[in-house]
Amino acid sequence: MTSALLPPRRRRRTGSLLGLLAWLCGIAFFLPVAWMVLTSFHSETDAATNPPSIGAGLSLHGYREFFGEGTGVSPWPPLINSLTASVVSTLLVLLLAVPAAYALSIKPVRKWTDVMFFFLSTKMLPLVAGLLPIYLVAQNTGMLDSIWLLVILYTSMNLPIAVWMMRSFLSEVPTEILEAASIDGAGLHTTLLRIVAPVAMPGIAATALISFIFSWNELLFARVLTGIVAGTAPVFLTGFVTSQGLFLAKVCAAATVISLPVLIAGFAAQDKLVQGLSLGAVK
């Protein structure tokens, strides 16, 4: 029985229960993040207590150590490397995914379903299975410990997902607008920039944000293929786990700082992200 056929009182009760369930799920996902942020402001002694002390005094000691006080190790080079690799790869993904999705949706190519399956099949191989060949190629080409190697890898990793997402978004673009532009003499470049891009902007924003998050959080390739020069923020974060033990407050402070760019980007584009991810879900 659909919700439209239920009595009004029962519909309200069902809606309230679903709303409560949504709030509980949201709180369950938010609590670990809130606990990480709270722990980052504790001293190591208070952070290591069992059970954890919620009302312990606050301290910035973990953040001071993360930014190099007492250690002399600066986090800025890894943060800049992550930002460079994530932003450049995201721009390349959009430059390649939008025309490809346009060809597969608005101007469909022959056997486009085979093309879409090929894109999807590239995600079926575990990343660790391709690690050794990629390492050997990077070693022979002199690209080990290079930020541009990560840009190429992140672009190739996120491109299949971006094409799939953008195709579903571009399929919602009214064909009447494109036909009118074609009658007015608009070429492919003008159509993509002035007509398709503004209409599909929520989908483009959602695709860009997801590509940025995947690139920013990637650890396996960055850990194996980089060293001192091109190490990223997740690699820098793993350096806080030493043979001396796990310093919980310092790790939480580092994780909080490294998570900020993703949180800021998500907050800034949250309206377009919601529109993009829900586009086509409700007719």
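Conventions and cut-offs
- Residues numbered from 1 in each chain as written.
- Predicted model: local features only at pLDDT ≥ 70, side-chain atom pairs only at ≥ 80, totals over all residues.
- Heavy atoms only, no water.
- UniProt positions renumbered as here; feature names shortened; annotations may be inferred.
- Helix = DSSP H or I, 4+ residues; strand = E, 2+ residues; numbered from the N terminus.
- Buried < 20%, exposed > 50% of the residue type's maximum accessible area, 1.4 Å probe, protein only.
- Contact = heavy atoms within 4.5 Å.
- Domains from an automatic or database assignment.
- Buried area = accessible area lost by both parts, 1.4 Å probe.
- Salt bridge = Lys/Arg side-chain N within 4 Å of Asp/Glu carboxyl O.
- Polar contact = N/O pair within 3.5 Å; in protein donor to acceptor, adjacent residues only side chain to side chain.
- Nonpolar A, V, L, I, M, F, W, Y, C, P; charged D, E, K, R; others polar.
- Expected span 1.5 Å × (residues − 1).
- pLDDT = per-residue confidence, 0-100.
- Phe/Tyr/Trp six-rings, centres within 6.5 Å; stacked < 30°, edge-to-face > 60°.
- Axes fitted to C-alpha atoms, helices over the stretch in contact; angles between N-to-C directions.
- Parallel < 35°, antiparallel > 145°, perpendicular 65-115°, else oblique.

With an unreviewed UniProt entry as reference, the chain is termed Carbohydrate ABC transporter permease, source organism Streptomyces sioyaensis. The Sequence similarities (unreviewed entry) field of the UniProt record for the chain holds the comment "Belongs to the binding-protein-dependent transport system permease family."

Caption draft 1: Summary view of the overall build of the chain. The number of helices and strands found in the chain is 14 helices and two strands. Reported as C-alpha extents along the three principal axes, the dimensions of the chain are approximately 70 × 70 × 35 Å. Counting every position in the chain, which comprises 283 residues, the buried fraction comes to 36%. Considering only residue pairs separated by 6 or more positions, the chain has 75% of its internal contacts joining residues 24 or more positions apart.

Caption draft 2: View of the domain arrangement of the chain. Domains assigned within the chain are domain 1 (8–66) and domain 2 (76–277). Here domain 1 and domain 2 have C-alpha centroids that lie 29 Å from each other. Listed by partner, the interface residues are twelve residues for domain 1 and 13 residues for domain 2. Buried area between domain 1 and domain 2, summed over both chains or domains, comes out near 1100 Å², and the portion from carbon and sulfur atoms is 77%. It is Met36, Glu44 and Phe66 in domain 1 that bury the most area against domain 2; as a group they hold 54% of the surface buried on that side. Run the count over domain 1 and domain 2 and you get one salt bridge. Glutamate 65 is the salt-bridge partner of lysine 250, the closest N and O atoms lying 3.2 Å from each other. Taken together, domain 1 and domain 2 are joined by four residue pairs in polar contact (both at pLDDT 80 or more). Here the residues of the side of domain 1 that touches domain 2 sort into five nonpolar, five polar and two charged.

Caption draft 3: Structural view of helix H7 (residues 147–170). With 24 residues, H7 should cover 34 Å at 1.5 Å per step; its first-to-last C-alpha distance of 32 Å lies within 8% of that length. Most of H7 is tucked away: 18 of the 24 residues are buried. For H7, the N-terminal cap is serine 146; the gap from its side-chain oxygen to the backbone nitrogen of tryptophan 148 is 3.3 Å.

Caption draft 4: Structural detail: the UniProt feature "transmembrane region" (unreviewed entry) in the chain. UniProt's feature table lists "transmembrane region" (unreviewed entry) at residues 20–38, 83–104, 116–135, 147–170, 191–214, 220–240 and 247–269, given in the numbering used throughout. For residues 191–214, the helix share is 96%, the strand share is 0%, and the end-to-end C-alpha distance is 29 Å. Across residues 220–240, helical content stands at 57% and strand content at 0%; the span's end C-alpha atoms are separated by 17 Å.

Caption draft 5: Geometry of the confidence of the model for the chain. On average, residues of the chain score 83 in pLDDT, and 90% of them reach the 70 mark or higher. Predicted confidence in the chain is weakest over helix H14 (residues 270–278), with a mean pLDDT of 65, and strongest over helix H11 (residues 220–225), with 93.

Caption draft 6: Spotlight on the packing of aromatic side chains. Inspection of the entire model under this criterion finds five aromatic pairs. Ring centres of phenylalanine 212 and tryptophan 216 lie 5.9 Å apart, and the angle between their planes is 25 degrees; this geometry places the pair in the stacked category. Note that phenylalanine 212 and tryptophan 216 are positioned in helix H10 (residues 201–217) at a spacing of four residues, about one turn of the helix. Of the residues examined, phenylalanine 212 reaches a relative accessible area of 12% and is grouped as buried.

Caption draft 7: Molecular detail of the packing of helix H9 (residues 188–199) against H10. At their nearest, the axes of H9 and H10 sit 4 Å apart, and the two run at 75 degrees to each other. By the angle between their directions, the pair H9 and H10 is classed as roughly perpendicular. Every residue of H10 that contacts H9 at Ala197, Pro198 and Val199 is listed here: Met201, Pro202 and Ile204.

Caption draft 8: Region of the structure containing the side chain of serine 105. Tracing the chain through its elements places serine 105 in helix H4 (residues 76–105). Judged by relative accessible area, serine 105 falls into the buried class, the value being 16%. Separated by 2.6 Å, the side chain of serine 105 and the backbone oxygen of alanine 101 make a polar contact. Leave out the neighbours within four places in its chain, and serine 105 touches Arg167, Leu170 and Ser171.

Caption draft 9: Layout of the environment of alanine 138. Assignment of secondary structure puts alanine 138 in helix H6 (residues 131–141). Spatially, the C-alpha atoms of alanine 138 and leucine 225 are 8.0 Å apart, while their sequence positions differ by 87 residues. Apart from residues no more than four positions distant in its own chain, alanine 138 is found in contact with Met143, Leu144 and Leu149.

Caption draft 10: Quick look at the side chain of glutamate 65. Inspection of the secondary structure assignment puts glutamate 65 in helix H3 (residues 61–66). A polar contact is formed between the side chain of glutamate 65 and the side chain of histidine 61, at a distance of 2.6 Å. Not counting residues up to four positions away in its chain, the partners in contact with glutamate 65 are Thr71 and Lys250.

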